[in-house]
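Understanding the architecture of this molecule
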Amino acid sequence: MKFRGLLLSSVLSLIASTGMSEAAKELTFATSAPLGTPWVDHMDAIAEKIITNSNAAITVKQFHAGQLGTEPVMVQKTVRGRIDIIGTSMTAFTTVVPEMALMGVPFLWDSYEQVDCAMDQYLTPVFEPLFAKKGLKFLQWSELGWVHAFGKNPLLTLGDMKALKVRAAPAKYSVNFWKGIGANGIVLPLAETPSALQTGMVDGGALPAMTYIAIGMNKLAPNLTLSAHLYQAGAVVMSMRTWKKLSKTEQQNISEALVPVQGLRTDVRQMADSMIVRYKESGGPVHELSAEQRAAWKAAVVPYRKELVSSIGGSAKDVWPKILAAKKACSQ
């Protein structure tokens, strides 16, 4: 990360010294991810390539750690053209592209290889027009990884979940999961979850492992169950208002600056695995579902899948068969 920062500074210094920055177009690139994370490293790499590809005709001003607002707020700002590029989570994008919730249908994906194949080979052209319709130019997928359950007490059996008060993410796939599993899902923004755990408003929830540990949720609800019950995607998108103002050459400069997402996926997944290992080695209670327990969770949730697809709205009923077809093609 330090190397990327130095490299970016060198590029900008070169621009300034040659006088090429005077007429440069400056793009804002925002994320909620903090410095030192794979997402920011990926963002740095894209910013560097945009500057290089455009011969400094385009520069990039980066904002990390939610400096420009919460994820849903940043998405709205991008739609309106107040932010040019944003990298954020599937949950945030469901506020404007409801069909994104289909990617998080509980127990849909069987492996990272399967979901990577589906997104890269089949689903990008499915989602691109949905984003465009809402004023967003889809650039590439991003990655948050498997979502796991956590609680103040171990969560392994359906009995452990019965009527349990849990934080549900503000997305229909999360509410649907907790309903199916028998828990009492209470929709809360992520920022309000720590206080809700402290007051007893909720006693658990579900998050990607990196988020769970990085923001200290493990200190309030220490039992982590590696349920991997749904996959949390993300995306890097651009304001369509900004995109349309660019020349064809400038658009090409940006498209060709997109660093392959597989490197980000690998980094995020490796970091998540290492954080789980360290948490477990430090005495953190990390639980694995048995085959029977996982089967019971899935059997409880899958019957609610049709209800979820119907509730999402938009083009969900048309998109859902395409997702299933992509999964099938990537399972062979």
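As shown above, the structure is provided for reference.
Bear in mind that the values here come from a model prediction, so they are computed numbers and not experimental data.

We now examine the packing of aromatic side chains. Evaluated as defined, the whole model comprises 11 aromatic pairs. Summarising the aromatic geometry, the rings of tryptophan 146 and tyrosine 231 are spaced 6.0 Å apart at their centres and angled 80° between planes, so their arrangement reads as edge-to-face. Placement of tryptophan 146 in strand β4 (residues 136-151) and of tyrosine 231 in strand β8 (residues 223-239) is noted, with a sequence separation of 85 residues between them. Residue tryptophan 146 shares its accessibility class with tyrosine 231, and that shared class is buried.

Listed in full, the buried residues belonging to helix α11 (residues 248-255) are Glu250, Gln251, Asn253 and Ile254. Seen end-on, α11 carries its buried residues on one side only, within an arc spanning 155°. In α11, the exposed positions that point more than 90 degrees away from the buried face belong to Lys248 and Thr249. The secondary structure elements touched by the buried residues of α11 are β1 (25-31), α2 (38-53), β2 (58-63), β8 and α10 (240-245).

On to unusual backbone geometry. Even without a glycine there, the phi angle at alanine 56 is positive, about 70°. Along the chain, alanine 56 falls in the loop between α2 and β2. Residue class for alanine 56 comes out buried when judged on its relative accessible area of 3%.

Another point: the environment of alanine 191. Checked against the element boundaries, alanine 191 lands in the loop between β6 (184-187) and α8 (193-199). For the pair alanine 191 and valine 126, spaced 65 residues apart in the sequence, the C-alpha separation amounts to 32 Å.

Before going further, it helps to spend a moment on the pairing of β6. Pairing geometry for strand β5 (residues 165-168) and β6, over 4 bridges, is parallel. Residue pairing for β6: lysine 165 is matched across the bridge by asparagine 184. Regarding the hand of the β-α-β motif, the stretch spanning β5, helix α7 (residues 172-181) and β6 is right-handed.

About the criteria used
- In every chain, residue numbers begin from 1 and rise along the written sequence.
- For this predicted model, a pLDDT threshold of at least 70 governs which residues receive local features, and a threshold of 80 or more governs which side-chain atom pairs are given and counted, while totals over whole chains, interfaces and linings are taken from all residues.
- Only heavy atoms go into the side-chain values, all of them from the structure, while hydrogens and water stay out.
- Working definition: a ring pair exists when centres of Phe, Tyr or Trp rings (six-membered ring for Trp) sit within 6.5 Å. Plane angles under 30 degrees give stacked, over 60 give edge-to-face, the rest tilted.
- Only DSSP runs of H or I reaching four residues or more are called helices, and only runs of E reaching two or more are called strands; each is numbered from the N terminus.
- Whether a residue is buried, partly exposed or exposed follows from its accessible area with a 1.4 Å probe, protein chains only, as a fraction of its type maximum: under 20%, in between, or over 50%, in that order.
- Directions from the helix axis toward the C-beta atoms define the arc.
- Contacts between residues were defined by any pair of non-hydrogen atoms, one from each residue, lying within 4.5 Å.
- Pairing between strands is defined by DSSP: at least two bridges between the two strands are required.
- Here the term right-handed applies to a crossover when the path leading from its first strand over the helix to its second strand runs clockwise, the strands being oriented away from the viewer.

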